[in-house]
Amino acid sequence: MLANKLQKVKIVNNYDVAKDCLYALMGGQSNAVDALEVIDPSNGAVIASIEPDSAPQIRQKISDAVFAQLEWAAHSPEYRRATLQKWHDLAAQDQDQLAALLTLEQGKSYKEAQAEIAASLKNIAWSADLCTQSHDYEAPSHVEGAVNKVVYEPLGVVAAITPWNFPSAMVTRKVAPALAAGCAVILKPAEDTPLSALALVKLAQKAGIPAEIFALAILPRESAALFSDIVFNDARVRMVSFTGSTAVGKSLIAASATNVTKLSLELGGNAPFIICADADLDKAVEGAFASKFRNAGQTCICANRLFVAASIYDQFIERFVARVAAAKIGNGFDDGVEIGPLIHARAYENMQKFLSQLQGDYAELIYRGHMDLPAPFVAPHIFACADECQAPQQEIFGPIACVYKFDDIDDVITRANETSYGLAAYVYGADQDLTAYIAQQLQFGMVGINEVRISDASIPFGGVKQSGIGREGGRDSLLNFMVSKYICQA
Ligand code: ADP
């Protein structure tokens, strides 16, 4: 059966790390046709080529999933928990290889990749633990002698679309709770980073998760819309969970009208990072660096606009420049590298465009990193922005920091909220009443106070305004993939 086979992966050169990881995780499958090429962004080398799915193959996978899901949902929650736990354990055994594969296809430092795999493992374990949690309840009946029961059922077959910036964490954050809830998933991983998804599927199958229950649809970028076309026009697909750009998210909202398909959307961000006058400067500098330059600035919760209290502005800039200057840029496998390449040429060109927008937009370049690495590497930049500077109102998604100065707390809160996005925000300061007040006033789904590591399986991740609809993770993460049924029994 089509859904029973993994896409065929062919190793196209003798790139050592790729070979080791791909063979170890996937058994070195071959016979691929000349299709989707996976590129190492740090040097442009082709790592692997993957046979993409055709439209009939994707439709067949949906059909297979429809039948298999009934069986999967009929298993006891304990069975699903044990199976997911096995998936977790197998992935844990291979975590170094999974991290290597991630660095290879995505470019982030191996240390960051290890952290992402750890987060992915937690996503699976968290969902496994929630399998046995029941949300069913009995409501007081409005009809004399009747019993009102509310039971939660899995939605059925769901589709997931994931981005390239967290090729493992985004997959597990969607797939694990969906499977735990009793759903089947057809996942379209980002075309740039399909290998991490393939490895996760392979391990899931080894753990006893049927191929029809967690299936991949691999497509090149130019055919990405084919996937949404298929899933939104198939009434058997009950939900689409998407993480990616706001522009694509909006197109999915429009497409979901056809069958009134449920959506869960985690879209772009424009995180303000407010540093109050009494902040611990060392911590604020380290937090700002980590938040801004993690994954070379390519995360939706990256600090996008830094606001620094005027009284500490000069000190902050001096230390921030020193911290950024100390960061090593290069191949994610090299020791001590903190900033890797951008994912692809398009991302590089976006940064060039952003740099030209900053020119003549009330922004002064105060630091530019030194490096002689070719595109898609981008040297870190720091700009001092006057209040009038508008360019950082867009999501930057690269290693360019834009710093504003502020005098008044309420004024900076207003400026921080002046964005159509509302995903993450950060506040650094010693006065707990003040930081709590700022957090309360910020119109964002997530706020870190003196902390930038805000993402975890245990918290509801998501935004307000144009940053999305719904939440992923947290204690209700399975409910996202379930629907209530009310039975009035007289
Ligand atoms: P980015 O520009 O950072 O790649 P996108 O939102 O374009 O962000 O992509 C995120 C994910 O959405 C990727 O898996 C991509 O292939 C997919 N995608 C892009 N356009 C569409 C579309 N029209 N329908 C379905 N998936 C899409």
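Above this text is the structure in question.
Everything numeric here is computed off the predicted structure, so don't read it as measured data.

(A) Up close: the overall build of the chain. When you go through the chain residue by residue, the secondary structure sums to 14 helices and 21 strands. Its C-alpha radius of gyration of 23 Å places the chain within 12% of the 23 Å reference for a compact globule of 490 residues. For the chain, the spread of C-alpha atoms along the principal axes amounts to about 70 × 65 × 40 Å. Counting all 490 residues of the chain, 57% fall into the buried class.

(B) Main features of the pairing of strand β12 (residues 303-309). In terms of burial, β12 is a largely internal element, seven of the seven residues being buried. Alignment of strand β11 (residues 271-275) against β12, held across five bridges, turns out to be parallel. Following the sheet pairing, F273 is matched in β12 by L306. Considered for its hand, the β-α-β crossover made up of β11, helix α10 (residues 281-293) and β12 is right-handed. In the sheet, β12 pairs with strand β17 (residues 400-406) via four bridges, with the strands oriented parallel. Paired with L306 across the two strands is V403, which belongs to β17.

(C) Representation of the packing of aromatic side chains in the model. A full pass over the atoms with the stated rule returns ten aromatic pairs. With a centroid separation of 5.2 Å and 15 degrees between ring planes, the pair formed by F273 and Y428 is classed as stacked. A residue pair is termed long-range when its members are at least 10 positions apart, and F273 in strand β11 and Y428 in strand β18 (residues 424-428) qualify at 155 residues. Grouping residues by exposure puts F273 and Y428 together as buried. Here a set of aromatic residues connected by ring pairs shows up, and it is made of F289, F293, F316 and F320.

(D) Structural view of the sheet that holds strand β16 (residues 381-385). Sheet architecture is open: seven strands sit in the order β15-β16-β17-β12-β11-β18-β19, paired in mixed fashion. If you trace the sheet from one side to the other, it starts and ends with β15 (363-368) and β19 (446-449), each paired once. Direction aside, the axes of adjacent strands within the sheet are offset by 20 degrees on average. Strands β11, β12, β15, β16 and β17 of the sheet are contacted by helix α11 (residues 313-325), whose axis makes an angle of about 170 degrees with β17.

(E) Geometry of the pattern of salt bridges. According to the stated counting rule, one finds 16 salt bridges in the structure shown. A salt bridge links K174 to E472; the shortest N-O distance between them is 2.6 Å. You can see K174 sitting in helix α6 (residues 169-181) and its partner E472 sitting in the loop between β20 (468-469) and β21 (482-489), a full 298 residues away along the chain. Through salt bridges with shared partners, one network takes in R173, K174, E266 and E472.

(F) Spotlight on the sheet that holds strand β5 (residues 147-154). Read from one edge of the open sheet, three strands run β4-β5-β21, paired in antiparallel fashion. The open sheet has two edge strands, β4 (137-139) and β21, and neither has a second partner. On average, adjacent strands in this sheet sit at an angle of 30 degrees to one another, irrespective of strand direction. Pairing analysis gives eight bridges linking β5 to β21, with the strands arranged antiparallel. For K149, the partnering residue across the bridge sits in β21 and is I487.

(G) Representation of helix α4 (residues 95-106) in the model. Taking 1.5 Å as the rise per residue, α4 with twelve residues should run 16 Å; its terminal C-alpha atoms sit 16 Å apart, in good agreement. Counting buried residues in α4 gives nine out of twelve residues, a clear majority hidden from the surface. Inspection of α4 places L98, A99, A100, L101, L102, T103, L104, E105 and Q106 among the buried residues, and these make up the whole buried set.

(H) Structural context of the site of the ligand. Surveying the vicinity of the ligand reveals 16 residues, the closest of which are T162, E191, R221, S228 and S245. S228 places a polar side-chain atom, nitrogen or oxygen, 2.6 Å from a nitrogen atom of the ligand. Between an oxygen atom of the ligand and a side-chain N or O atom of S245, the distance comes to 2.7 Å. For the ligand, the accessible surface in isolation is 550 Å², of which the surrounding protein chains cover 87%. For the shell around the ligand, the secondary structure elements donating two or more residues are α8 (224-232) and β9 (237-243). Per-element accounting of the shell around the ligand gives the leading share, three residues, to α8. Looking at side-chain class alone, the shell around the ligand contains seven nonpolar, five polar and four charged residues.

(I) Looking closely at the packing of helix α13 (residues 409-417) against helix α14 (residues 432-441). Viewed as axis vectors pointing N to C, α13 and α14 meet at an angle of 30 degrees, and their least axial separation amounts to 10 Å. Classified by chirality, the crossing of α14 by α13 is right-handed. Taken together, the residues of α14 that come into contact with α13 (itself represented by I409, D410, I413 and N417) are L434, Y437, I438 and Q441. When grouped by side-chain class, the residues that make up the contact of α13 with α14 number five nonpolar, two polar and one charged.

(J) Here's a closer look at the pairing of β5. As paired strands, β4 and β5 are joined by three bridges and run antiparallel to one another. The residue bridging E138 from the neighbouring strand is K149, located in β5.

(K) Fine view of α13. Inspection of α13 places I409, V412, I413, R415, A416 and N417 among the buried residues, and these make up the whole buried set. Residues of α13 that are buried in the fold lie against β11, β12, β17 and α14. Looking at where α13 begins, the residue whose side-chain oxygen comes 3.2 Å from the main-chain nitrogen of D410 is D408.

(L) Main features of the environment of L281. One can find L281 in helix α10. Residue contacts for L281: discarding those within four places in its chain leaves I312, Q315, F316 and R319.

(M) Region of interest: the side chain of S256. Locating S256 in the fold gives a position in the loop between α9 (246-255) and β10 (262-266). The exposure class of S256 is buried, given its relative accessible area of 9%. Beyond its immediate chain neighbours, meaning those up to four positions away, S256 contacts F232, T261 and L263.

Scoring rules and cut-offs
- Residues numbered from 1 in each chain as written.
- Predicted model: local features only at pLDDT ≥ 70, side-chain atom pairs only at ≥ 80, totals over all residues.
- Heavy atoms only, no water.
- Helix = DSSP H or I, 4+ residues; strand = E, 2+ residues; numbered from the N terminus.
- Rg over C-alpha atoms; globule rule 2.2 N^0.38 Å.
- Buried < 20%, exposed > 50% of the residue type's maximum accessible area, 1.4 Å probe, protein only.
- Pairing = 2+ DSSP bridges.
- Right-handed = clockwise from strand over helix to strand, strands pointing away.
- Phe/Tyr/Trp six-rings, centres within 6.5 Å; stacked < 30°, edge-to-face > 60°.
- Axes fitted to C-alpha atoms, helices over the stretch in contact; angles between N-to-C directions.
- Contact = heavy atoms within 4.5 Å.
- Salt bridge = Lys/Arg side-chain N within 4 Å of Asp/Glu carboxyl O.
- Expected span 1.5 Å × (residues − 1).
- Near = heavy atom within 4 Å.
- Polar contact = N/O pair within 3.5 Å; in protein donor to acceptor, adjacent residues only side chain to side chain.
- Areas by Shrake-Rupley, 256 points an atom, 1.4 Å probe, with all protein chains shown as cover.
- Nonpolar A, V, L, I, M, F, W, Y, C, P; charged D, E, K, R; others polar.
- Left-handed = near helix turned anticlockwise from the far one by under 90°.

Without other data, these values stay purely geometric and don't point to any function.
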